[in-house]
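# Structural overview
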Amino acid sequence: MNKYVALMALSTILSAMLSSCSLAEKPQMTNIDAQEGEAQIKIKQAKGHVKALGAGLKTRLQQAIRSGGLTAGVEECQLAAGPIADSLSKNGWSVGRTSLKVRNPDNAPDGWEREQLAHFSGLLEKNKLTSEPLKRPLDAYQYDDESGEFRYMMAIEQGQLCMACHGTNVAPAVKDVIAKHYPDDQATGFTVGDLRGAFTLTYQPE
Ligand code: HEC
């Protein structure tokens, strides 16, 4: 083999190696980009649903409290929470709320939800001890690129408005009406800034 042929052979091997590398990597990169893009689209849609559910509930709750007081608020929340979540649960989406301490047992978390709730709660508790600003919203997602299933959660913090029905000092009349509808209620005893629960959404391709 003369020098020229040897050089040619070497360059053929090198270019074959290079092209096989790029062949091996390129589709994977594109795939990851596509998955990342798909997840970002779903996150955006999920946030839209969260906004709609949050705003819908708040409006109904405030109207009921204004016209009939807190006990009416409890009944309204009981009547409205399911239907508002159901109205958003279409086109493959399932939209709801959950918590580590639920009022409505239908909202109980599954394993993945429990993990995220524990994580959010840990972040909030840790943040109470430091003055560092916490990046909000506290959220988490999971995307299964094989089945196309996408899950999303966004933390719900206890605010002043929530104290009357989820706080440490719920009025006896309110307690009574809660107990009437939710005999196994666990959702009291929270203080402002605690993790009250989370919005939880699942998308399943139809
Ligand atoms: C007037 C009483 C009332 C007020 C005020 C209220 N809630 Fe609730 N909350 C309820 C009732 C009743 C339910 C159960 C609804 C259902 O059946 O799904 C509930 C359920 C929830 C749930 C779903 C998980 C679970 O425990 O079943 C979350 C999360 C929640 N409330 C957060 C809040 C937050 C945050 C605020 C303040 C912004 C608030 N609530 C204010 C009465 C109230």
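Right, let's walk through the structure included here. Predicted model, so just to flag it, every value in this text is computed and none were measured.

## Quick word on the sheet that holds strand 2 (residues 139-143)
Taken in spatial order, the 4 strands of this open sheet run 1-4-3-2, and their pairing is antiparallel. Pairing within the sheet leaves two strands with one partner each, and these edge strands are strand 1 (93-98) and strand 2. Sheet twist, expressed as the mean angle between neighbouring strand axes with direction ignored, is 15°. Judged from the 5 bridges that link them, strand 2 and strand 3 (residues 150-157) form a sheet pairing that is antiparallel. Note on strand 3: the bridge partner recorded for A140 is M153. Together, strand 1, strand 2, strand 3 and strand 4 (195-203) form the strand contacts of helix 2 (residues 111-129), whose direction differs from that of strand 3 by roughly 35°.

## Considering the layout of surface pockets
Its volume calculated, the largest pocket comes out at about 1,200 Å³. Along the walls of the largest pocket sit 47 residues, with L57, C77, R97, I156 and H166 positioned nearest its centre. Listing elements by their share of the lining of the largest pocket, those giving two or more residues are helix 1 (3-88), strand 1, strand 3, helix 3 (163-166) and strand 4. No other element matches helix 1, which puts 19 residues into the lining of the largest pocket.

## Focus on the site of the ligand
Around the ligand sit 21 residues, and of these R103, C162, C165, H166 and Y182 come closest. R97 places a side-chain nitrogen or oxygen 3.4 Å from a nitrogen atom of the ligand. Given that more than half its atoms are within 2 Å of the pocket grid, the ligand belongs to the largest pocket. Going through the elements one at a time, helix 1, strand 3 and helix 3 are the ones with two or more residues in the shell around the ligand. Top contributing element to the shell around the ligand by residue count: helix 1, with 6 residues. When the residues that make up the shell around the ligand are grouped by side-chain class, the tally is 12 nonpolar, 4 polar and 5 charged.

## Looking at the coordination of the iron atom of the ligand
Of all protein atoms, H166 (NE2) alone acts as a donor to the iron atom of the ligand, lying 2.1 Å away. Counting through the fold element by element, H166 comes out in helix 3.

## What about the pattern of salt bridges?
As enumerated under the stated definition, the model contains 9 salt bridges in all. Across the pair E76 and R60 runs a salt bridge whose closest N-O atoms are separated by 2.5 Å. Across the pair E113 and R151 runs a salt bridge whose closest N-O atoms are separated by 3.5 Å. With a gap of 38 residues between them, E113 in helix 2 and R151 in strand 3 connect regions that are remote in the sequence.

Rules of the game
Residues numbered from 1 in each chain as written. Predicted model: local features only at pLDDT ≥ 70, side-chain atom pairs only at ≥ 80, totals over all residues. Heavy atoms only, no water. Pairing = 2+ DSSP bridges. Helix = DSSP H or I, 4+ residues; strand = E, 2+ residues; numbered from the N terminus. Axes fitted to C-alpha atoms, helices over the stretch in contact; angles between N-to-C directions. Contact = heavy atoms within 4.5 Å. 1 Å grid on protein atoms, 1.4 Å probe; cavity = no way out; pocket = protein on both sides within 12 Å on 5 of 7 lines; lining within 4 Å. Points joined across faces, edges and corners; volume = space filled by probe spheres on them. Near = heavy atom within 4 Å. Polar contact = N/O pair within 3.5 Å; in protein donor to acceptor, adjacent residues only side chain to side chain. Sits in = over half its atoms within 2 Å of the grid points. Nonpolar A, V, L, I, M, F, W, Y, C, P; charged D, E, K, R; others polar. Donors = N, O, S within 2.8 Å, 3.2 Å for Na, K, Ca; no water. Salt bridge = Lys/Arg side-chain N within 4 Å of Asp/Glu carboxyl O.

The values reported here are purely geometric and, on their own, carry no functional implication.
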